Amino acid sequence: PTSRCSSAASDVYKRQESDVDEGEFAHVRRVACRYPGVTYSRLMPPRFDMLGIVAQDLAASLAFYRLIGLEIPDGAEHESHVEVTLPNGLRIAWDPVSTITSFDDSWTAPTGSPRMGLAFLCDSPAEVDAVHDRLVAAGHHSHLAPWDAFWGQRYATVHDPDGNGVDLFAPLDS
């Protein structure tokens with residue numbers, strides 16, 4: 001086992017950039033021994049990659065986010081899981097409640113005020129107003145109409161079909 005572990009760690013080490021220190025190499029060696037076949041392209045902590053939304057009405061949720069400007073494929077509302085990759089690499093995923101309860105029978109919809117929200121950077125203060133107005137015209141609830149915030153941004157908040165606060169913002173000087 002020692003030679004296999006040393007060999008696996010050496011293989012990983014050779015693939016790393018030259019800045020791998022001995023402590024990191026020792027960690028790679030321990031992981032290689034414990035989990036044979038696990039490969040690392042670069043040791044790094046977990047990174048934020050995807051935001052998931054549980055949708056009571058998937059079609060309504062996808063329609064809302066399309067109005068913001070997300071490119072969601074036609075027909076996606078008939079899927080059991082939908083995800084799109086934004087231009088910055090972050091993924092957003094939607095799952096209908098039925099998908100979530102198929103593997104987590106203890107899931108219940110949250111109640112009360114949300115603890116987090118989504119925020120979309122718009123190109124300009126005028127776009128904040130336009131996107132807000134487009135969402136409200138489509139029947140979505142405006143929580144905070146567009147205003148010039150003291151921190152230097154045009155800001156608005158609209159609720160998506162599941163009650164999540166969705167902020168729209170742009171620097172005032174844009």
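Basis of the calculations
Residues numbered from 1 in each chain as written. Predicted model: local features only at pLDDT ≥ 70, side-chain atom pairs only at ≥ 80, totals over all residues. Heavy atoms only, no water. Helix = DSSP H or I, 4+ residues; strand = E, 2+ residues; numbered from the N terminus. Contact = heavy atoms within 4.5 Å. Pairing = 2+ DSSP bridges. Axes fitted to C-alpha atoms, helices over the stretch in contact; angles between N-to-C directions. 1 Å grid on protein atoms, 1.4 Å probe; cavity = no way out; pocket = protein on both sides within 12 Å on 5 of 7 lines; lining within 4 Å. Points joined across faces, edges and corners; volume = space filled by probe spheres on them. Nonpolar A, V, L, I, M, F, W, Y, C, P; charged D, E, K, R; others polar.

### Some points on the environment of aspartate 49
- With respect to the secondary-structure elements, aspartate 49 resides in the loop between helix 2 (22-34) and strand 1 (50-55).
- For the pair aspartate 49 and threonine 85, spaced 36 residues apart in sequence, the C-alpha separation works out to 9.6 Å.
- Once residues lying within four places of it in the same chain are set aside, the contact partners of aspartate 49 are Gly89, Leu90 and Arg91.

### Examining the sheet that holds strand 6 (residues 153-159)
- Pairing is mixed in the open sheet, where four strands are placed in the order 4-7-6-5. For this open sheet the edge positions go to strand 4 (118-121) and strand 5 (142-148), each flanked by a neighbour on one side alone. Looking at each pair of strands side by side, their axes are set apart by 15° on average, direction ignored.
- One ladder, built from four bridges, connects strand 4 with strand 7 (residues 165-171); its direction is parallel. Bridged to phenylalanine 120 within strand 7 is leucine 168.

### A look at the layout of surface pockets
- The volume enclosed by the largest pocket comes to roughly 570 Å³.
- When residues of the lining of the largest pocket are assigned to their parent elements, the largest contribution, four residues, is made by strand 1.
- Looking at the lining of the largest pocket residue by residue, the classes come out as 10 nonpolar, nine polar and two charged.
- In this model, the second largest pocket occupies a volume close to 450 Å³.
- What lines the second largest pocket is a set of 20 residues, and nearest its centre among them are Leu70, Leu86, Pro87, Phe120 and Leu121.
- Listed by contribution, the elements that provide at least two residues to the lining of the second largest pocket are strand 2 (82-85), strand 4 and helix 5 (125-137).
- Ranked by the residues each element gives to the lining of the second largest pocket, the list is headed by strand 4, at four residues.
- Residue composition of the lining of the second largest pocket, by class: 15 nonpolar, two polar and three charged.

Function cannot be read off these values alone, since they describe shape.
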